[in-house]
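# Summary of structural features
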Amino acid sequence: MKLSRTVQIASVLSVAALALTACGSDNPTGSTESSGGSSEQSSKAVTGTLTGIGASSQKAAMDAWKSGFESTGEGAKVQYSPDGSGAGRKAFLAGGAQFAGSDAYLSDEEYESSQKICGPEGAFDIPAYVSPIAVAYNLEGVGQLKLDAKTIAAIFKLEVTSWNDPAIAEQNEGVDLPDTNITVVHRNDESGTTENFTQYLSAAAGDTWTYEESGDWPSDLQSENAKGTAGVVSTTTSTPGAITYADASAVGDLGTASVKVGEDYTELSAEAAAKAVESAEPVTGRSDVDMALELKRDTTESGAYPISLVSYHIYCSTYQDQETVDLVKAWGNYVVGTEGQQAAADSAGSAPLSEPLMEQAHEAIDSIKVAS
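Per an unreviewed UniProt entry, the protein carries the name Phosphate-binding protein and comes from Arthrobacter rhombi. Here is the UniProt Sequence similarities (unreviewed entry) comment for the protein, exactly as written: "Belongs to the PstS family."

### With respect to the nonpolar core
The biggest cluster of nonpolar side chains holds 93 residues, and the ones touching the most others in it are Trp65, Ile152, Phe156, Tyr315 and Trp331. With 9 residues, strand 4 (residues 123–137) is the single largest residue contributor to this core. Three or more residues apiece are contributed to this core by two domains, here domain 1 (48–130 + 279–292 + 310–370) and domain 2 (133–272). Residues in contact with Trp331, not counting those within four places in the same chain, are Leu50, Met62, Trp65, Lys66, Phe69, Val78, Phe99, His313 and Tyr315. Formed by 10 residues, the second largest nonpolar core is a distinct cluster that contains Ala136, Val185, Val232 and Ala242.

### Points about helix 9 (residues 228–237)
The buried fraction of helix 9 is high, at 7 of 10 residues. Taken together, the buried positions of helix 9 are Gly228, Thr229, Gly231, Val232, Val233, Thr235 and Thr236. Where helix 9 is buried, its residues contact strand 4, strand 6 (183–187), strand 7 (224–226) and strand 8 (242–247).

### Regarding the side chain of Ser317
Checked against the element boundaries, Ser317 lands in the loop between strand 13 (308–316) and strand 14 (318–319). In this structure Ser317 comes out as buried when scored by relative accessible area, which is 7%. In this structure the side chain of Ser317 is engaged in a polar contact, spanning 2.8 Å, whose partner is the backbone oxygen of Gly122. Apart from the residues within four sequence positions on either side, Ser317 is in contact with Cys118, Glu121, Gly122, Ala123, Phe124, Ser367, Ile368 and Lys369.

### Some points on the state of the cysteines
With the rule as written, the count across this model stands at 1 disulfide. Each disulfide pairs two cysteine sulfurs, and for Cys118 the partner residue is Cys316, the sulfurs being separated by 1.9 Å. Given an S-S torsion of about -50°, the disulfide between Cys118 and Cys316 has left-handed geometry. Pair noted here: Cys118 is in helix 5 (residues 108–118) and Cys316 is in strand 13, with a separation of 198 residues, a long-range link.

### A look at the environment of Ile53
Within the element layout of this structure, Ile53 appears in strand 1 (residues 48–54). Sequence separation between Ile53 and Phe92 is 39 residues; the distance between their C-alpha atoms is 7.5 Å. In contact with Ile53, other than residues within four places in its own chain, are Tyr80, Ser81, Asp83, Ala87, Gly88, Ala91, Gly96, Ala97, Phe99, Ala100 and Gly101.

### Notes on the packing of helix 6 (residues 149–156) against helix 8 (residues 192–204)
Taken N-terminus to C-terminus, the directions of helix 6 and helix 8 make an angle of 125°; their axes are 9 Å apart at the nearest point. Judged by the angle between their axes, helix 6 and helix 8 are oblique. Considering only the axes of helix 6 and helix 8, their crossing is left-handed. Across the interface between the two elements, Ala149, Ile152, Ala153 and Phe156 of helix 6 pack against Phe197, Tyr200, Leu201 and Ala204 of helix 8. When its residues are assigned to classes, the contact of helix 6 with helix 8 shows 8 nonpolar, no polar and no charged.

### What to know about the side chain of Asn333
By the element assignment, Asn333 lies in helix 11 (residues 322–336). In this structure the side chain of Asn333 is engaged in a polar contact, spanning 3.0 Å, whose partner is the side chain of Asp366.

### Topic: the pairing of strand 1
Judged from the 6 bridges that link them, strand 1 and strand 2 (residues 76–81) form a sheet pairing that is parallel. If you follow Gly52 over to strand 2, its bridge partner there is Tyr80.

### Digging into helix 6
Most of helix 6 is tucked away, with 7 of its 8 residues classed as buried. All of the buried residues along helix 6 are Ala149, Thr151, Ile152, Ala153, Ala154, Ile155 and Phe156. Just beyond helix 6, the residue with positive phi is Leu158, at close to 70°.

### Some thoughts on the packing of aromatic side chains
Under the defined criterion, the tally for this structure stands at 16 aromatic pairs. When the ring of Phe197 is compared with that of Trp217, the centres are 6.5 Å apart and the planes differ by 15°; the resulting orientation is stacked. Here Phe197 is found in helix 8, whereas its partner Trp217 is found in the loop between helix 8 and strand 7, with 20 residues between them in sequence. Residue Phe197 shares its accessibility class with Trp217, and that shared class is buried. Note on Trp209 and Trp217: the rings are 5.7 Å apart at their centroids and 50° apart in plane angle, and the pair reads as tilted. The buried category is assigned to Trp217, whose relative accessible area is 8%. Taken together, the ring pairs connect Phe69, Tyr80, Phe99, Phe124, Tyr315, Trp331 and Tyr334 into an aromatic cluster.

### Things to note about the pattern of salt bridges
Enumeration over the complete set of coordinates arrives at 10 salt bridges. Two residues, Arg286 and Asp125, come together in a salt bridge whose shortest N-O distance is 3.6 Å. Taken together, the positions of Arg286 in the loop between strand 11 (281–282) and strand 12 (293–294) and Asp125 in strand 4 put the pair 161 residues apart, joining distant regions of the chain. Like Asp125, Arg286 is buried. One salt bridge in this structure joins Asp189 and Arg187, with 2.8 Å as the shortest N-O distance. According to the relative accessible area criterion, Arg187 is buried, its value standing at 4%. A network of salt bridges, in which partner residues are shared, links Arg89, Lys90, Glu110 and Glu190.

Procedures and definitions
- Residues numbered from 1 in each chain as written.
- Predicted model: local features only at pLDDT ≥ 70, side-chain atom pairs only at ≥ 80, totals over all residues.
- Heavy atoms only, no water.
- UniProt positions renumbered as here; feature names shortened; annotations may be inferred.
- Core = buried A, V, L, I, M, F, W, Y, C linked by side-chain atoms within 4.5 Å.
- Buried < 20%, exposed > 50% of the residue type's maximum accessible area, 1.4 Å probe, protein only.
- Helix = DSSP H or I, 4+ residues; strand = E, 2+ residues; numbered from the N terminus.
- Domains from an automatic or database assignment.
- Contact = heavy atoms within 4.5 Å.
- Polar contact = N/O pair within 3.5 Å; in protein donor to acceptor, adjacent residues only side chain to side chain.
- Disulfide = S-S within 2.5 Å.
- Axes fitted to C-alpha atoms, helices over the stretch in contact; angles between N-to-C directions.
- Parallel < 35°, antiparallel > 145°, perpendicular 65-115°, else oblique.
- Left-handed = near helix turned anticlockwise from the far one by under 90°.
- Nonpolar A, V, L, I, M, F, W, Y, C, P; charged D, E, K, R; others polar.
- Pairing = 2+ DSSP bridges.
- Phe/Tyr/Trp six-rings, centres within 6.5 Å; stacked < 30°, edge-to-face > 60°.
- Salt bridge = Lys/Arg side-chain N within 4 Å of Asp/Glu carboxyl O.

Have a look at this one:
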């Protein structure tokens, strides 16, 4: 039985309810009944190698997932290349990978294109990883910083160029801000993190941010740039006065800004990211099993961190042979199960999916079949 869109919304509203100590376990070679997966799938040992390409934001979680999934010794392996969300979707749609990791769900055009390789029902998006995007900075002696959306937008538009600018100082009374120049560091590859970040700026910064949301950084706002999450973090870390946006799991010792939401400032955390997802709504016009979500970037709810991402794994509704179907199901069910979500939380600080969302994800994954 397929879950209705009403149930999907209810699932989203429970994201924050799952504690990190949620009980239950999963078999990495297939899901167990208690975790919402197919009992038929759990009885099968899977072998072979699964190839994925995509989001660099998922790297820490992906390393943990691969280790857990492969630890049973049954011979199943996963190869994942963190080339960026856009590269992952392109490779997947070209038939170069069995799944894609992406910080942005498939566009309408990409969904239509997926029907060529995935069958009439096309591909579908499964939430795998919920995490805050840090506004991360390298500013010696400044451990805490508060910024509102308009100021963040003005910084990344290269309009606020010094750390002691009044726009920053007014929000950080008592903080000794230096007159150091601000160096903006942005992604130079098509990135789901960029798309999520520009979605936030478009929705929350009003007319300060005049660009459309996109996975590509605006071409007329060129400053320091690098490829992938690791690239922008490395460049920012080695550049005094630099600022960037990156998945929170990867920022290391960089400072991270609290973001103004309503009348308060919210520090980034897995819990705050989960709270922001509470108001998300399902994207319409897709297959019944697609779980793409639209976040409310201009939320004013206290405690929510709106610069968050829901990162997806994208699968075909059908594959050409049973071995691939079994392998994809086993991997997919492990990732969205209790054990996989806990592994990601432990390694990357992500927010585990809620129980209802996990059940819906298992059901969607179990619908994958051999092409007729």
